[in-house]
Amino acid sequence: GQALAALTLSPTSVTVPARTYTSVKVSGASGQIQAESNNTAVALVTLTGTTKKGATLNVYGVGPGSTTVNVRDTRTPNISLRVTVTPTMTVAPTS
């Protein structure tokens, strides 16, 4: 079996309204964690609260659509987080 825990995301897919944040738990990490959005017009990602074993991945919905966020560490090449951004239900533009 595998003695070391692999990099895992919880949950593995998120739906977030545009202009809001959601967070994903990253665990089982080894070394530096990196995350990048494949489409920054849809979603942006930042890592916070990073420890040796994990971090919190903050996903910000930029605009409606879907994209994949790739998360990796020194041992795991790439795991994918599916991100779907829904339009915000705004009644009128705020100034």
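Residues numbered from 1 in each chain as written. Predicted model: local features only at pLDDT ≥ 70, side-chain atom pairs only at ≥ 80, totals over all residues. Heavy atoms only, no water.

(A) Seen up close, unusual backbone geometry. Cis geometry marks the peptide bond from Ser-10 to Pro-11; its omega dihedral reads -5°. A positive phi is found at Arg-19, a non-glycine position, where the angle reads about 65°. Within the secondary structure, Arg-19 sits in the loop between β2 (13-17) and β3 (21-27). Classification of Arg-19 as exposed rests on a relative accessible area of 52%. (Helix = DSSP H or I, 4+ residues; strand = E, 2+ residues; numbered from the N terminus. Buried < 20%, exposed > 50% of the residue type's maximum accessible area, 1.4 Å probe, protein only.)

(B) Here's a closer look at the nonpolar core. In this structure, Leu-57, Val-59, Val-71, Leu-81 and Val-83 are the most contacted members of the largest nonpolar core, which totals 21 residues. Per element, the largest residue contribution to this core is four residues, and it comes from strand β8 (residues 79-86). The residues touching Val-71, leaving out its near neighbours within four places in the chain, are Leu-7, Leu-9, Val-26, Ile-33, Gln-34, Ala-35, Leu-57, Pro-77, Asn-78 and Ile-79. (Core = buried A, V, L, I, M, F, W, Y, C linked by side-chain atoms within 4.5 Å. Contact = heavy atoms within 4.5 Å.)

(C) How the structure looks around the pairing of strand β5 (residues 43-48). Across six bridges, β5 lies against strand β6 (residues 55-61) in antiparallel orientation. Bridging across to β6, Ala-43 finds its partner in Gly-61. The loop that links β5 with its antiparallel partner β6 comprises six residues; one of these, Gly-49, has a positive phi angle of about 60°. (Pairing = 2+ DSSP bridges.)

(D) View of the sheet that holds β8. Ordered in space as β2-β8-β7-β4, the four strands form an open sheet in which the pairing is mixed. If you trace the sheet from one side to the other, it starts and ends with β2 and β4 (34-37), each paired once. On average, adjacent strands in this sheet sit at an angle of 25° to one another, irrespective of strand direction. Direction of pairing for β4 relative to strand β7 (residues 65-72): antiparallel, over a ladder of four bridges. Each bridged residue has a counterpart across the sheet, and for Ala-35 the counterpart in β7 is Val-71. (Axes fitted to C-alpha atoms, helices over the stretch in contact; angles between N-to-C directions.)

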